[in-house]
Every structure is written in structure tokens, then in C-alpha cells.
Amino acid sequence: MTTNQSPQPRDQSEERSSDADEYIQITNLRKTFSKGTIVACDDVDLDIGPEDFVVLLGPSGCGKTTTLRMIAGLETPDSGTITIDGREITDLKPKDRNLAYVFQNITLYPHKTVRKNIQFGLDMKTDLTNEAKQERVEHAADLLGLSDLLDRKPKALSGGQQQRVSLGRAMVMEPDAFLLDEPFSALDAKLRDQMRVEVKNFSANSKRRWFSSLTTKRKR
Ligand SMILES: Nc1ncnc2c1ncn2[C@@H]1O[C@H](COP(=O)(O)OP(=O)(O)OP(=O)(O)O)[C@@H](O)[C@H]1O
Ligand SMILES: [Mg+2]
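A quick note: this is a predicted structure, and the numbers were derived from the prediction, not measured. (Residues numbered from 1 in each chain as written. Chains lettered and ligands numbered in written order. Predicted model: local features only at pLDDT ≥ 70, side-chain atom pairs only at ≥ 80, totals over all residues.)

**Some points on the sheet that holds strand β2 (residues 38–48)**
Thought 1: A sheet is described by the order of its strands in space; here four strands give the open sequence β2-β1-β4-β5, paired in antiparallel fashion. Lying at the two open borders of the sheet, with one neighbouring strand each, are β2 and β5 (87–88).
Thought 2: By the bridge criterion, two bridges tie strand β4 (residues 79–84) to β5 in an arrangement that is antiparallel. For I84, the partnering residue across the bridge sits in β5 and is R87. (Pairing = 2+ DSSP bridges. Helix = DSSP H or I, 4+ residues; strand = E, 2+ residues; numbered from the N terminus.)

**A short note on the nonpolar core**
Thought 1: Residues F178 and L179 are the most contacted members of the largest nonpolar core, which totals 37 residues.
Thought 2: Considering every element that reaches this core, the biggest residue donor is β2, with five residues.
Thought 3: Structurally, this core is a two-domain feature, drawing no fewer than three residues from each of domain 1 (1–11 + 18–91) and domain 2 (98–215).
Thought 4: Contact partners of L179, with chain neighbours within four places excluded, come to L68, I71, A72, L99, A100, Y101 and F211. (Core = buried A, V, L, I, M, F, W, Y, C linked by C-beta atoms within 7 Å. Buried ≥ 20, exposed ≤ 12 C-beta atoms within 10 Å, placed from the backbone. Domains from an automatic or database assignment. Contact = placed C-beta atoms within 7 Å.)

**A word on the site of ligand 1**
Thought 1: Every one of the 13 residues lining ligand 1 counts as a neighbour, but F33, A40, S60, T65 and T66 are closest to it.
Thought 2: Those elements that provide at least two residues to the shell around ligand 1 are β2 and α1 (64–72).
Thought 3: Per element, the largest residue contribution to the shell around ligand 1 is three residues, and it comes from α1. (Near = placed C-beta within 6 Å.)

**Some thoughts on α1**
Thought 1: With eight of nine residues buried, α1 is to be regarded as a mostly interior element.
Thought 2: For α1, the set of buried residues is K64, T65, T66, T67, L68, R69, M70 and I71.
Thought 3: Following α1 by one or two positions, G73 adopts a phi angle in the positive range, close to 90°.

**Remarks on the confidence of the model for the protein**
Thought 1: When pLDDT is averaged along the protein, the result is 83, and 84% of the positions lie at 70 or above.
Thought 2: Helix α2 (residues 114–125) holds the highest mean pLDDT among the elements of the protein, 96, whereas strand β8 (residues 209–215) holds the lowest, 68.
Thought 3: Ignoring residues within four places in sequence, the model shows residues 6–19, a span with pLDDT below 50, making 15 contacts including any to other chains. (pLDDT = per-residue confidence, 0-100.)

**Quick notes on the pairing of strand β7 (residues 177–181)**
Thought 1: Of all five residues making up β7, five are buried, and the element is well covered by its neighbours.
Thought 2: Judged by which residues are buried, β7 turns out to be covered on both faces: A177, L179 and D181 on one side and F178 and L180 on the other are all buried.
Thought 3: When strand β6 (residues 99–102) meets β7, the two strands line up parallel, connected through four bridges. Across the sheet, V102 pairs through a bridge with L180, a residue of β7.

**Details of unusual backbone geometry**
Thought 1: Its identity is not glycine, yet S34 carries a phi of approximately 50°, on the positive side.
Thought 2: When you line up the elements, S34 lands in the loop between β1 (24–33) and β2.
Thought 3: By the C-beta count within 10 Å, which is 8 here, S34 ends up exposed.
Thought 4: Unlike most non-glycine residues, D85 shows phi in positive territory, near 50°.
Thought 5: Counting through the fold element by element, D85 comes out in the loop between β4 and β5.

Have a look at this one:
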């Protein structure tokens, strides 16, 4: 993102400081590709408070995905810092950040059931007992309205149901924050509206931070 397109701190008159009210602080973040010839993000500053739901809005190619990927640790910034809860994480590996990233395209394992898809991260990254894993999977499925679909494979689901499985997979990890990259772009208008309401409801209840990206559509 270039400076004039970048999201700004909510109150620009406030001095930037390591304020306890700010949970995620992004300062002067810059990222280039192709030996500096493509500037994806330039001088991005953003302060996000606890329990905030932040949406990055901008035209295609302005750097929303790149910003989310740097927060998640999937890209390394050229310069700038990212701090979470007072701890600088700019150079930490993704696995050491406790953040969940939901990709722009739905990426479910086609041969695994909904249950196994949701459980996948728990199997890979935790030592929880099977009972504890099932408890988390069933709780997320309940919140997302997927309880009756746990034994189905992704191809037997609608787009909206698949998207909810992607969210469930992130939710069971109990991350500090959710990073959603255009989570509803693959859905039709009706499902998109439905998912917006659902995410709003469970983000209000979860007390976790939500950070999402959206592309603006030009009116023709
Ligand atoms: N791996 C890469 N190599 C080279 N250029 C890249 C790479 N990733 C992103 N870019 C470029 O960086 C810029 C920002 O890309 P990014 O994917 O962050 O945009 P976006 O705002 O998410 O766009 P969209 O709304 O289309 O998803 C674009 O010009 C893109 O072409
Ligand atoms: Mg993008």
C-alpha cells in the first residue's frame, strides 16, 4: 500500500506510543518485491485495540494481502515493526505468533471429512488429548452451524459451508487474533451477507481480535 492508501490510526492526533490500549501496533511497515521494483506496502501505520474488528479496504493490488501476510509472518517486511501485546514479533516464525490466517481461497483437504479438516491444526500443532480436540471441534461446529455436517467431505458442502469449515479450522486453534483475507469473496451475495452476520456475532462473543481484508469494487 502506498502512504495515501494506507489505513490510518483511529485518532491521528494521538501520538504513537506503546499504549496499553493498543493490542497490535504496526509501524512504518514497508514491503517490496522483485528487487524493490514492486512496492506492495509503503509506510503502513495501524493501531488495533483489544477486541477491535478492523477491515482493510482498498483497490486490488494495494497491499492488503501483503499486510496480512506480514502480520502472520508469511512475508518478511523490508522495514518497520509489528508488535502484539507489547511484544515485537516482526521476525518471529508464523508458528510462534499464535495467530490464525484464513486464506483468500478456500483451502480444505478434499479427502478429509469436515471433522478432520477442522481438527487438522490441532493434530499438527498440539498435544491435546483426542477428547479435548473433539470438544473444541464440536464447540466450533456448533457455533458455525456445522454440527450435522461433520462426517461429510468438502465436495458435499456449499461454498458458504466450506467457508465456515475454514473459519472453524482457525477457531479451534484459539488464536490471539484472526486474520481473514477476503474471507467471503468466493461466496454469492446472499451467502456473503449471511456469513458477515455470523462472523459479526461470534466475533462479538469471542473477545478475540479480528483483522480482515476487503477489495473495493469500482462502480461501472
Ligand atoms: N510474491 C510476489 N511477488 C511479486 N509481486 C507481488 C507478490 N505478492 C504481491 N505482489 C504485488 O504486490 C502488490 C500488492 O499485492 P497484494 O496481494 O498485497 O494486493 P491486494 O490488496 O491483496 O490485492 P487483491 O485485492 O487483488 O487481493 C501487487 O502489485 C502485487 O502484484
Ligand atoms: Mg488480496
